[in-house]
Amino acid sequence: MPGEVDPAKPEQDVIDATTTEDAFVEPKEILAEEIVAPEANSALTDAKPTELTADVNHPEAEREEGREDGQEDGDKTVQTESAPDTSGKAKASKSVPIVVFVNKKSGGQKGERILDEFLKALPKEQVYNLTEGGLDPGIEFCYLQETVIVNGHPEKARIIAAGGDGTVGWVVSGIDKHRNPDKSLTPVAHLPLGTGNDMARSTGWGGGYDGGEAKQVLSQVRRAKPMRLDRWKLHIQGKNGTVEGEKDELMFYNYFSVGADAHAAYIFHHMREQQPEKFTGRTRNKYYYVKASIRAFFAGDHPLNKTTKITVDDESVRFGNSVKTIVGLNIQSYMGGSDIWGTQHAYSPSCCCLHPSSDLPPGSMGDGKIDLMGIRGNVKQGFIKSFNCTGVRMEQGRNLVIDCDEPNYVQADGEPWKVDGPFKMTIDIAEPALMLTKA
């Protein structure tokens, strides 16, 4: 019966989601609201599961033989309903595996311990080390599973991406690479091991996971709800020919920025590359990020309004002469938990002299729009982080064009670079992904 433990596999206990207490303290960060997928991704709403058939070469089929309908086999999978039977034959209850991808370099090198924890909690074919080529075989394993129904939605597997925000993009890009016609079959949960962990904060998984609770995490992932995540294509091209720092196409999920914030991220990135031994945990990483911000401040980044023009959905956007950073938000967490759009608390612009746009609605990671913000500079960003202020809402839209008449810094999802020359940056909505939000 469901919930029973196979005596032959004592180390792989089945976790009963109805009795296991959550180890995490419920985070205070805002959860992504459930959104009906826009027309940009009809596959998420129109997907249909394939008919389940017995496959003697498939490990799930082998375990089904000689087992009563609905009995657990101890493989730590999400218990679900079988797909509707159109053949008239009775089908056994099926289950969706939870597949874990761990970035061992995340979390101040603590990823190796997290990897060992999940190897003890799950069969080895469901746990993969991203730093040792585990992405492709792990995604292939997901799509070899049979499609079943989970709470009315078709799925093949549920994925845990254990690492920082970049790890989420790494895993979702792996799903893209395999070009399955319906990516909604593999929703992803972000287990936060990185420094900012903004995706995990926005989807309810908190600001950091230090290990020790693998079974509780698996139980929470079983109960999590799939939510649409918009994704965006960023393209940078030199305005007067090819320039260093051009990007043919970059996909991002969380946010992008141009100006002082990206400059600080650029300095931090090079500090970590030169002395990786100093970046051994979230607290130390944040300390060095503050140092990078101070260095960027004294570098004297110029206001953007005299050199930068912004167009959103073919409409020109005005902004004040004190703005040193332009931020485009896709999720409602920035710089390790800052709610600069003002969704979680009252909208209180840090620079009242800018064009007011406070009537713009709260953003969402699945509304098909980028939320465009202005921030005065490095000092003002410190106030945003320390005193829960917001930036200034500028506009929301599906297509952005940013024209810069001089070199500047750009970052997307924490990946910074310098563009050495005038450039034009375009941002357009791409095919969405599916995340798991903590129930």
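Residues numbered from 1 in each chain as written. Predicted model: local features only at pLDDT ≥ 70, side-chain atom pairs only at ≥ 80, totals over all residues. Heavy atoms only, no water.

Caption draft 1: Quick look at the sheet that holds strand β18 (residues 415-419). Here 6 strands make up an open sheet; going across it, the order is β15-β14-β13-β10-β17-β18 and the pairing antiparallel. Each having just a single partner strand, β15 (392-397) and β18 make up the two edges of the open sheet. The sheet shows a mean angle of 20° between the axes of neighbouring strands, taken without regard to direction. One ladder, built from 5 bridges, connects strand β17 (residues 408-412) with β18; its direction is antiparallel. Each bridged residue has a counterpart across the sheet, and for Val 410 the counterpart in β18 is Trp 417. (Pairing = 2+ DSSP bridges. Helix = DSSP H or I, 4+ residues; strand = E, 2+ residues; numbered from the N terminus. Axes fitted to C-alpha atoms, helices over the stretch in contact; angles between N-to-C directions.)

Caption draft 2: How the structure looks around helix α7 (residues 214-223). α7 sits mainly inside the fold: 7 of its 10 residues count as buried. Taken residue by residue, α7 has Ala 214, Val 217, Leu 218, Ser 219, Gln 220, Val 221 and Arg 222 as its buried positions. (Buried < 20%, exposed > 50% of the residue type's maximum accessible area, 1.4 Å probe, protein only.)

Caption draft 3: Fine view of the packing of aromatic side chains. All told, the structure shown has 3 aromatic pairs when counted by the stated rule. Between Phe 252 and Phe 256, the ring centres sit 5.7 Å apart and the planes meet at 65°, which makes this aromatic pair edge-to-face. Assessed through its relative accessible area of 0%, Phe 252 is described here as buried. Relative accessible area serves as the criterion here: at 0%, Phe 256 is assigned to the buried category. Aromatic pair Tyr 266 and Tyr 409: ring centres 5.1 Å apart, planes at 55°, arrangement tilted. In this pair, Tyr 266 sits in helix α8 (residues 260-274) while Tyr 409 sits in strand β17, placing the two residues 143 residues apart along the sequence. Under the relative-accessibility criterion, Tyr 266 is labelled partly exposed at 23%. You can call Tyr 409 buried: its relative accessible area is 13%. Geometry around Trp 417 places Lys 247 over its ring, the cationic atom sitting 4.7 Å from the centre. (Phe/Tyr/Trp six-rings, centres within 6.5 Å; stacked < 30°, edge-to-face > 60°. Lys NZ or Arg CZ within 6 Å of the ring centre and 35° of its normal.)

Caption draft 4: Summary view of the pattern of salt bridges. Going through the model one piece at a time under the given rule, you end up with 10 salt bridges. We note a salt bridge from Arg 113 to Glu 117, for which the minimum N-O separation is 3.7 Å. Here Glu 117 and Arg 113 lie together in helix α3 (residues 111-121), a separation of 4 residues that amounts to about one turn. When its relative accessible area of 40% is taken as the criterion, Arg 113 is described as partly exposed. The residue Asp 420 makes a salt bridge to Lys 418 at a minimum N-O spacing of 3.8 Å. Its relative accessible area of 34% is what places Asp 420 among the partly exposed residues. (Salt bridge = Lys/Arg side-chain N within 4 Å of Asp/Glu carboxyl O.)

Caption draft 5: Quick peek at unusual backbone geometry. Its identity as a non-glycine residue notwithstanding, Asn 151 has a phi of 50°, on the positive side. Positionally, Asn 151 belongs in the loop between β4 (148-150) and β5 (153-155). Given the relative accessible area of 65%, Asn 151 is considered exposed.

Caption draft 6: Summary view of the confidence of the model for the protein chain. Looking at the protein chain, the pLDDT average stands at 74 and 67% of residues meet or exceed 70. Per-residue pLDDT, averaged within each element of the protein chain, yields its smallest value for helix α2 (residues 59-64) (38) and its largest for strand β3 (residues 127-129) (97). Between residues 79-93, whose pLDDT stays under 50, and residues either more than four places distant or in other chains, the model counts 36 contacts. For the stretch residues 344-357, pLDDT sits under 50, and the model shows 42 contacts to residues farther than four places along the chain or on other chains. (pLDDT = per-residue confidence, 0-100. Contact = heavy atoms within 4.5 Å.)

Caption draft 7: Summary view of helix α5 (residues 165-177). Along its 13 residues, α5 runs 19 Å from first to last C-alpha, staying within 8% of the 18 Å computed at 1.5 Å per residue. Where α5 is concerned, the buried positions are Asp 165, Thr 167, Val 168, Gly 169, Val 171, Val 172, Gly 174, Ile 175 and Asp 176. (Expected span 1.5 Å × (residues − 1).)

Caption draft 8: Structural detail: the side chain of Asn 408. With respect to the secondary-structure elements, Asn 408 resides in strand β17. For Asn 408, a relative accessible area of 10% corresponds to the buried category. Once residues lying within four places of it in the same chain are set aside, the contact partners of Asn 408 are Val 258, Gly 259, Leu 304, Trp 417, Lys 418, Val 419 and Phe 423.

Caption draft 9: Representation of the environment of Ser 322 within the structure. Tracing the backbone through its elements, the reader meets Ser 322 in the loop between β12 (315-317) and β13 (325-329). By relative accessible area, which is 16% here, Ser 322 ends up buried. A sequence separation of 19 residues divides Ser 322 from Pro 303, and the C-alpha atoms of the two residues are 5.7 Å apart.

Caption draft 10: Up close: the packing of α3 against α7. Remark: α3 packs on α7, axes separated minimally by 9 Å, with the N-to-C direction vectors making an angle of 70°. Taken together, the axis directions place α3 and α7 in an arrangement best described as roughly perpendicular. Mapping the contact onto sequence places Glu 117, Phe 118 and Ala 121 in α3 and Ala 214, Val 217 and Leu 218 in α7. Looking at the contact of α3 with α7 residue by residue, the class counts come to 5 nonpolar, no polar and 1 charged. (Parallel < 35°, antiparallel > 145°, perpendicular 65-115°, else oblique. Nonpolar A, V, L, I, M, F, W, Y, C, P; charged D, E, K, R; others polar.)

Caption draft 11: Structural detail: the packing of helix α4 (residues 135-144) against α5. Contact geometry for α4 and α5: axes closest at 10 Å, N-to-C directions at 60°. Classified by the interaxial angle, the pair formed by α4 and α5 is oblique. Every pair of crossing elements has a handedness; the one defined by α4 and α5 is right-handed. Along its contact with α4, which presents Leu 135, Asp 136, Ile 139 and Tyr 143, the element α5 presents Trp 170, Val 171, Gly 174, Ile 175 and Lys 177. Looking at the contact of α4 with α5 residue by residue, the classes come out as 6 nonpolar, 1 polar and 2 charged. (Left-handed = near helix turned anticlockwise from the far one by under 90°.)

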